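This is what each chain is made of:
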Amino acid sequence: DLRRVTDLVYSTIQLYGMNPRLGQLAFPKDPNAMFEERPYSEKTAKAMDEEAKRIVDEAYQRTLNLLREHKDDVEKVAQMLLDKETITHDDVFELIGPRPY
């Protein structure tokens, strides 16, 4: 869901310093802080927001491209789910074959 995606992206940027634009800096939230205090500037906050949006947008586009590229397989799996309601890894393997990687 979008909340989990957003939390994960902000964690990679703010907590783990995994963003080339912002560098290897970590900004953990203080659970004891009484107010929403940030140990970084407005400019840095804006950069974090821009990077988070860019990362989510890129992932969304990649997902759409994968769904379009594998539309036939997605439809096969959807039909199997309609028929069986519950499917296993082996069912999917038999239906569309091994993973491409």
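See the structure printed just above.
Note that the coordinates shown come from a computational prediction; the quantities given were computed from them, not determined experimentally.

Draft legend 1. Layout of the overall build of the chain. When helices and strands are counted, the chain shows four helices and zero strands. Computed over C-alpha atoms, the radius of gyration of the chain comes to 20 Å, more than 25% over the 13 Å expected from 2.2 N^0.38 for 101 residues, which places it beyond the range of a compact globule. Principal axes of the C-alpha set define a box for the chain whose edges measure 55 × 30 × 20 Å. Counting all 101 residues of the chain, 17% fall into the buried class.

Draft legend 2. Quick look at the packing of aromatic side chains. In total, this model carries one aromatic pair according to the counting rule given. Their ring planes at 65 degrees and their centres at 4.9 Å tell us that phenylalanine 27 and tyrosine 40 sit as a pair that is edge-to-face. Taken together, the residues phenylalanine 27 in the loop between helix H1 (2–15) and helix H2 (42–69) and tyrosine 40 in the loop between H1 and H2 connect sequence positions 13 residues apart. By relative accessible area, which is 14% here, phenylalanine 27 ends up buried. Residue classification places tyrosine 40 among the buried positions, given a relative accessible area of 18%.

Draft legend 3. Examining the environment of isoleucine 55 more closely. Its place among the elements puts isoleucine 55 in helix H2. With relative accessibility at 25%, the residue isoleucine 55 sits in the partly exposed group. Separated by 24 residues in the primary sequence, isoleucine 55 and glutamine 79 place their C-alpha atoms 32 Å from one another. Leave out the neighbours within four places in its chain, and isoleucine 55 touches Val9, Ile13 and Asn19.

Draft legend 4. Here's a closer look at the pattern of salt bridges. Here the structure, examined in full by the defined rule, presents ten salt bridges. A salt bridge links arginine 21 to glutamate 50; the shortest N-O distance between them is 2.7 Å. Of this pair, arginine 21 sits in the loop between H1 and H2 while glutamate 50 sits in helix H2, and the two are 29 residues apart along the sequence. The exposure class of arginine 21 is partly exposed, given its relative accessible area of 46%. For aspartate 91, the salt bridge identified is with lysine 84, shortest N-O distance 3.0 Å. The exposure class assigned to lysine 84 is partly exposed, which follows from its relative accessible area of 44%. Here the residues in one salt-bridge network are Arg21, Lys46, Glu50, Glu51, Arg54 and Glu58, joined through shared partners.

Draft legend 5. Representation of the environment of lysine 43 within the structure. Relative to the helices and strands, lysine 43 is located in helix H2. Of the residues examined, lysine 43 reaches a relative accessible area of 72% and is grouped as exposed. In sequence terms lysine 43 and threonine 88 are 45 residues apart; their C-alpha atoms lie 48 Å from each other.

Criteria and cut-off values
Residues numbered from 1 in each chain as written. Predicted model: local features only at pLDDT ≥ 70, side-chain atom pairs only at ≥ 80, totals over all residues. Heavy atoms only, no water. Helix = DSSP H or I, 4+ residues; strand = E, 2+ residues; numbered from the N terminus. Rg over C-alpha atoms; globule rule 2.2 N^0.38 Å. Buried < 20%, exposed > 50% of the residue type's maximum accessible area, 1.4 Å probe, protein only. Phe/Tyr/Trp six-rings, centres within 6.5 Å; stacked < 30°, edge-to-face > 60°. Contact = heavy atoms within 4.5 Å. Salt bridge = Lys/Arg side-chain N within 4 Å of Asp/Glu carboxyl O.

Read these as spatial facts, not as claims about activity.
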